[in-house]
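Close look at the chain arrangement
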Amino acid sequence: TGLGFPTDLKISGKDIDFEDLKILNYLLPPEAKDPTGHTDLKIKITGEISKETQITSIAPLLDLNAKGEATLRQADIGGIPIEEGKINLQWKDRNLIFSNCFLKIQEEELTFDFAYGNDNSLKGKLLGIVDLYTLRKFTNRYGKLGGKLGLSLVVEGEPNNLSLATNFWLEKPRFNLIELE
């Protein structure tokens, strides 16, 4: 591992406290900063950076490839209580891929896949059920939402030209103090 040498770096840890991973605050949106809980982590970084490369920013490091897995337990991210979860991540040829991921929030489970290509393309799907109250930290700016949401969402395209396909249902929906039927 180093400039001009092949990189084959493996990073792993068990029962890591999120409070010890302050680097996450650089990657998370403001509402999700300072997560709590524990994770088991496995990451493998491969590739090569030429010995002529001057590392004055993160940009040359983005030419490396990474593959990782994080198992979450009793986490709180942005006020969302996550009982357990699994995130599979791959960074390859400047493409970001999340595959076969799931989050268990209370008694509901969300599964998702997501890819962001180096050509600015997005592709993803989200399936599951969630109590809207658990998302309050992200939704409070729109009002107090309540009820359960069942969702099947597929998204594809570029950020300014997305194609969405969805099926959803709402059980006992509420907006502020208004019950909707």
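This write-up is about the structure you can find in this document. (Residues numbered from 1 in each chain as written. Predicted model: local features only at pLDDT ≥ 70, side-chain atom pairs only at ≥ 80, totals over all residues. Heavy atoms only, no water.)

**Things to note about the nonpolar core**
- In terms of nonpolar packing, the biggest core is built from 17 residues, with Leu72, Ile82, Ile87, Leu103, Ile105, Phe112 and Val130 touching the most fellow members.
- Put simply, the parts of the chain that give this core at least two residues each are β3 (65-77), β4 (80-92), β5 (95-105) and β6 (108-116).
- Excluding residues within four positions of it along the chain, Ile87 makes contact with Gly68, Glu69, Ala70, Leu72, Phe98, Cys101, Leu103 and Phe112. (Core = buried A, V, L, I, M, F, W, Y, C linked by side-chain atoms within 4.5 Å. Buried < 20%, exposed > 50% of the residue type's maximum accessible area, 1.4 Å probe, protein only. Helix = DSSP H or I, 4+ residues; strand = E, 2+ residues; numbered from the N terminus. Contact = heavy atoms within 4.5 Å.)

**Digging into the sheet that holds β5**
- The sheet built from 10 strands is open, its strands ordered β1-β2-β3-β4-β5-β6-β7-β8-β9-β10 with antiparallel pairing. On the outer flanks of this sheet lie β1 (6-17) and β10 (178-179), each paired with one strand and no other.
- Across seven bridges, the pairing between β4 and β5 is antiparallel. When the sheet's bridge partners are listed, Trp91 is paired in β5 with Leu96. (Pairing = 2+ DSSP bridges.)

**Notes on the pairing of β5**
- Connecting β4 to the antiparallel partner β5 that follows it, the hairpin turn spans two residues, and Asp93 within it adopts a positive phi of roughly 50°.
- Where β5 and β6 come together, eight bridges link them in antiparallel fashion. Looking at β6, one finds that Ile105 is bridged to Glu108.
- Hairpin connection, β5 to β6: the antiparallel pair is bridged by two residues, and Gln106 has positive phi, about 55°.

**Some points on unusual backbone geometry**
- A positive phi angle is found at Asp34, which is not glycine, with a value near 60°.
- Locating Asp34 in the fold gives a position in the loop between α1 (24-27) and β2 (36-48).
- A positive phi angle is found at Asp93, which is not glycine, with a value near 50°.

**Observations regarding the side chain of Thr134**
- In this structure, Thr134 sits in the loop between β7 (122-131) and α2 (136-139).
- Of the polar contacts made by the side chain of Thr134, one reaches the backbone oxygen of Asp131; its length is 2.6 Å.
- Setting aside residues up to four positions removed in sequence, Thr134 forms contacts with Gly79, Ile80, Pro81, Ile105 and Gln106. (Polar contact = N/O pair within 3.5 Å; in protein donor to acceptor, adjacent residues only side chain to side chain.)

**Digging into the pairing of β7**
- Where β6 meets β7, seven bridges bridge the pair, whose relative direction is antiparallel. Looking at β7, one finds that Ala115 is bridged to Lys123.
- Taking the residues that link successive antiparallel strands as the turn, the β6-β7 hairpin has five residues, and the phi of Asn120 there is positive, at about 75°.
- Looking at chain direction, β7 and strand β8 (residues 145-158) are connected through 10 bridges and run antiparallel. If you follow Gly124 over to β8, its bridge partner there is Val155.

**As for the environment of Leu21**
- Considering the arrangement of structural elements, one finds Leu21 in the loop between β1 and α1.
- Residue Leu21 is classed as partly exposed on the basis of its relative accessible area of 22%.
- In this structure the C-alpha to C-alpha distance between Leu21 and Asp34, which are 13 residues apart in sequence, comes to 8.9 Å.
- Once residues within four sequence positions are removed from consideration, Leu21 is found in contact with Ile16 and Thr39.

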